[in-house]
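Spelled out from the first residue to the last, the chains are:
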Amino acid sequence: MTTIEIDHTSRWFGNVVAVNDVSMTVGPGVTGLLGPNGAGKSTLINMMAGFLAPSTGKVTLDGTQIWRNEAVYKAIGIVPEREGMYDFLTGREFVVANAELHGLGDAAARTALATVEMEYAQDRKISTYSKGMRQRVKMASALVHNPSVLLLDEPFNGMDPRQRMQLMELLRRMGAEGRTVLFSSHILEEVEQLASHIEVIVAGRHAASGDFRKIRRLMTDRPHRYLVRSSDDRALAAALIADPSTAGIEVDLTEQALRIQAVDFGRFTTLLPKVAREHGIRLLTVSPSDESLESVFSYLVAA
């Protein structure tokens with residue numbers, strides 16, 4: 001039962017705060033680290049991997065500090081987002097080199113390559129590999145010493161659907177075996193398909209924690225903002241504002257539209273067409289104005 005503990009951890013680069021007072025525990029099974037690009041996910045993973053020192057706080061593996069502790073690499077496998085590969089090597093040579101760093105040999109490399117289904121291309125130079133093939137060889141090098149912890153930074157980038165499904169199945173299997181698997185992604189659907197537990201981070205802060213049902217519920221229950229154009233904006237606004245499903249309506253003269261904040265998503269989506277029909281108002285545009293991941297996660301941070 002290997003556990004990574006992040007305790008009131010921050011990391012800054014000059015005046016830029018990349019991770020801000022984050023606390024979380026990552027245990028056996030598959031955990032998804034979810035957040036928009038630039039949220040601080042890679043910085044957090046780099047501290048878990050021992051590549052970066054926390055500016056404040058602690059990052060520990062089973063109670064032992066990770067930073068400047070070579071012994072932890074017997075337990076940790078790392079698949080970074082950046083390539084960091086030697087294109088002049090073959091896939092097999094690259095994995096063997098990583099095996100030798102752990103005091104292992106060809107047998108361990110062959111097993112790791114078979115695990116990620118890369119035997120067919122192991123003797124080709126990495127320079128000829130597609131993005132997805134590079135990802136799988138990086139995965140093999142991370143698995144070569146059979147680690148109990150696996151840290152993956154955006155591992156599905158560049159993979160085709162078949163490769164993505166294969167990697168998801170591999171990670172599910174490892175989580176079921178009791179390994180501690182953490183992967184980062186900015187795509188909610190990826191995390192939903194794979195992770196039994198989700199940690200949400202945005203703007204360097206820990207925003208939410210739970211299974212995907214809880215995270216989906218938090219996102220669905222947040223206030224929704226809509227841009228609505230109609231044949232009679234003022235009459236529509238007057239009819240909608242009296243209902244408790246709307247918290248505020250603004251007439252945007254520049255856009256010639258209404259900006260509506262709905263606090264009861266289900267009720268509002270039923271109410272809008274009903275009110276328009278009853279008052280003889282034609283709806284010309286109804287579009288969400290805050291559906292980006294950044295806006296959703298920003299709500300979670302503020303909640």
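The protein chain goes by ABC-2 type transport system ATP-binding protein in an unreviewed UniProt entry, where it is assigned to Streptomyces clavifer. Under the heading Sequence similarities (unreviewed entry), UniProt records this for the protein chain: "Belongs to the ABC transporter superfamily."

With antiparallel pairing, the four strands of this open sheet are ordered in space as β12-β13-β11-β14. Across the chains shown, the open sheet's two edge strands, defined by having one partner strand only, are β12 (246–252) and β14 (283–288). The sheet shows a mean angle of 20 degrees between the axes of neighbouring strands, taken without regard to direction. Both strand β11 (residues 224–230) and β14 contribute to a ladder of five bridges, which runs antiparallel. In the strand pairing of β14, V228 is matched with V286. Its contacts with the sheet place helix α8 (residues 233–241) against β11, β12, β13 (257–262) and β14, and it is angled at close to 165 degrees to β12. Docked against the sheet, helix α9 (residues 265–278) engages β11, β12, β13 and β14, running at close to 10 degrees with respect to β11.

Turning our eyes to something else, we now look at the packing of aromatic side chains. With the rule as written, the count across this model stands at three aromatic pairs. The interplanar angle of 85 degrees and the centroid separation of 5.8 Å between the aromatic rings of F156 and F183 together place this pair among those described as edge-to-face. Taken together, the residues F156 in the loop between β7 (149–153) and α5 (161–176) and F183 in strand β8 (residues 180–185) connect sequence positions 27 residues apart. Look at F156 and you get buried, because its relative accessible area is 1%.

With that settled, the discussion passes to the layout of surface pockets. Considering only enclosed or pocket space, the largest pocket measures out at about 490 Å³ in volume. If you go around the largest pocket, you meet 20 residues; those closest to its centre are I78, F94, N98, L101 and S141. Contributing elements (two or more residues each) for the lining of the largest pocket: β6 (76–79), α2 (91–101) and α4 (131–143). Sort the elements by how many residues they give to the lining of the largest pocket and α2 lands first, with four residues. Taken together, the residues of the lining of the largest pocket sort by class into eleven nonpolar, six polar and three charged.

With that out of the way, let us pick up α5. End to end, α5 covers 22 Å across 16 residues, agreeing with the expected 22 Å (1.5 Å per residue, within 8%). Taken residue by residue, α5 has Q163, L167, M168, L170, L171, M174 and G175 as its buried positions. All buried residues of α5 project into a common sector of 165 degrees when viewed along the axis, lining one side. Exposed positions of α5 whose direction lies more than 90 degrees from the buried face are P161, R162, M165 and A176. Against the buried residues of α5 lie β3 (29–34), α3 (106–115), α4, β7, β8 and α6 (188–194). Looking one or two residues beyond α5, the residue adopting positive phi is G178, at roughly 100 degrees.

Rules used throughout
- Residues numbered from 1 in each chain as written.
- Predicted model: local features only at pLDDT ≥ 70, side-chain atom pairs only at ≥ 80, totals over all residues.
- Heavy atoms only, no water.
- UniProt positions renumbered as here; feature names shortened; annotations may be inferred.
- Pairing = 2+ DSSP bridges.
- Helix = DSSP H or I, 4+ residues; strand = E, 2+ residues; numbered from the N terminus.
- Axes fitted to C-alpha atoms, helices over the stretch in contact; angles between N-to-C directions.
- Contact = heavy atoms within 4.5 Å.
- Phe/Tyr/Trp six-rings, centres within 6.5 Å; stacked < 30°, edge-to-face > 60°.
- Buried < 20%, exposed > 50% of the residue type's maximum accessible area, 1.4 Å probe, protein only.
- 1 Å grid on protein atoms, 1.4 Å probe; cavity = no way out; pocket = protein on both sides within 12 Å on 5 of 7 lines; lining within 4 Å.
- Points joined across faces, edges and corners; volume = space filled by probe spheres on them.
- Nonpolar A, V, L, I, M, F, W, Y, C, P; charged D, E, K, R; others polar.
- Expected span 1.5 Å × (residues − 1).
- Arc of directions from axis to C-beta.

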